[in-house]
Amino acid sequence: MAFGPGPTLTRYLALNFLRWIGGFFLLGSAIIFLADTVELIRRSVDRTSFSASDAVLASLYKTPSLTEEFLPFAVLFGSIAAFLALNRRLELAVMRAAGVSAWQFVMPGLLVVAGIGVFATVVYNPLSAAAREHSDVLRARVLGKDARMLTGGARSIWFRQEGPSGGSLMNAGAASSDGLTLYRVEAHLFDETDRFRGRMDADTATLGDGAWTLRSVTAFDADGNRSETDTATVETALSPVEVREAVARPDAISFWRLPGAVSLAERAGLPTHRFALQFQVLLARPLLLAAMVLIAASVSLRLVRLGGIARAVTGGGVAGFALYIASAVSSDHGEAGAVGPVFAAWLPGMAASFIGVSALLYSEDG
């Protein structure tokens, strides 16, 4: 009579999954850290603001947020490797002969990644968000005015604001997680008729009551005359909530603070879909990781029995990247407000789980 794995076998399988997934995650984290460090040093080594220690620390602080995106792939390839290792040692054959079905030895992997997903959402994400904020500040210091921190690459922060004495155009290399402190700031000032009246460069700008307070300021008037001062102000009609909506990155806000960001935006009558989407994406993370295990099982178990290791790895990679692209497209629609945040966040994981279960049913049960 068929029976399921007992506690000892369940623990053994769970530890096997945990070792392989953890190994791939640590290896990927090391590669990401080294690649980001080399790229940052390459971009900043010829600048007077360059500091090797700041560059290394900036990459070190940024790595956790980058590894959050890599985590599903670590789960996918770690699960494939776990199935391959069990097969090479003929352990899967023994379990099958003892009456343990594929569903029963996949279950420990699902439990492990569900726990990883919960931990990554409620513990790892807040830590990575805090570290990313430190990274942004250090990168702005290392790269100077060429920093491109907030959007993660091609663009820096730009926004227009109005004040009692005229408008201004603000540019910054980085921002704190709530967007209320800017770093490496340029403020282009205009009068009531939109004529240019000067520019101010500053190390930081902090939003106060109706004005930004700039520190370590270098000012230029319309004729190009230069002056320096410790502090200066730039008037603004923007509220803190409006600044956060315009400037703050949702992925720089921790899981526990996202509901508050959504609530503030709602009370201010501003769009909330970016923050709501990020919150739902984090909630859906355990399901997405479980889908990766199901995909790994569906592409590896049957092929491994036939000796198709390369086909299993290739199939898993293709399936994983397809899911990544689908998730990115769904998130883009959610950020644009074209679809609801819940639908955009949960659909990729649900669809992948359904495909994985269907493929596993077909390969195992005919």
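These numbers come from a predicted model, not from an experiment.

What should I look at first to understand the overall build of the chain in this one?
A count of helices and strands for the chain gives ten helices and six strands. A total of 366 residues make up the chain; the buried ones form 47% of that total. At a minimum sequence separation of 6, the contacts of the chain that also span at least 24 residues come to 65%. Of the roughly 17,400 Å² that the chain leaves accessible, carbon and sulfur atoms contribute 63%.

Just checking my understanding: could you explain the pairing of strand 4 (residues 196-207) for this structure?
A regular strand places its side chains on the two faces of the sheet in alternate fashion. Two strands pair when backbone bridges link them, and strand 3 (residues 181-190) and strand 4 are joined in this way by nine bridges, in the antiparallel orientation. Residue pairing for strand 4: Leu182 is matched across the bridge by Ala205. Linking strand 3 to strand 4, which pair antiparallel, is a turn of five residues; within it Asp194 sits at a positive phi near 65 degrees. Bridging between strand 4 and strand 5 (residues 211-221) involves eight bridges; their strand directions are antiparallel. Counterpart to Thr206 in the pairing with strand 5 is Thr213. The turn joining strand 4 and strand 5, which pair antiparallel and follow one another in sequence, is formed by three residues; a positive phi near 80 degrees is taken by Gly210.

Quick question: what am I supposed to make of the sheet that holds strand 5 here?
Two strands in a sheet stick together by hydrogen bonds in their backbones, pointing the same way (parallel) or opposite ways (antiparallel). On the basis of which strands lie adjacent, the open sheet formed by six strands has the order 1-2-3-4-5-6 and antiparallel pairing. The two strands at the open ends of the sheet, each matched to only one other strand, are strand 1 (157-163) and strand 6 (226-235). Recorded for the sheet is a direction-independent mean angle of 30 degrees between the axes of neighbouring strands. Alignment of strand 1 against strand 2 (residues 166-175), held across seven bridges, turns out to be antiparallel. The partner of Phe159 across the bridge, within strand 2, is Met170.

What should I look at first to understand the pairing of strand 5 in this one?
As paired strands, strand 5 and strand 6 are joined by nine bridges and run antiparallel to one another. Pairing of Thr213 across the sheet is with Thr233, part of strand 6. Remark: four residues form the turn of the hairpin made by strand 5 and strand 6, two consecutive strands paired antiparallel; Gly224 in that turn has positive phi of roughly 90 degrees.

What counts, and at which threshold
Residues numbered from 1 in each chain as written. Predicted model: local features only at pLDDT ≥ 70, side-chain atom pairs only at ≥ 80, totals over all residues. Heavy atoms only, no water. Helix = DSSP H or I, 4+ residues; strand = E, 2+ residues; numbered from the N terminus. Buried < 20%, exposed > 50% of the residue type's maximum accessible area, 1.4 Å probe, protein only. Contact = heavy atoms within 4.5 Å. Areas by Shrake-Rupley, 256 points an atom, 1.4 Å probe, with all protein chains shown as cover. Pairing = 2+ DSSP bridges. Axes fitted to C-alpha atoms, helices over the stretch in contact; angles between N-to-C directions.

This is a description of form; function is not addressed.
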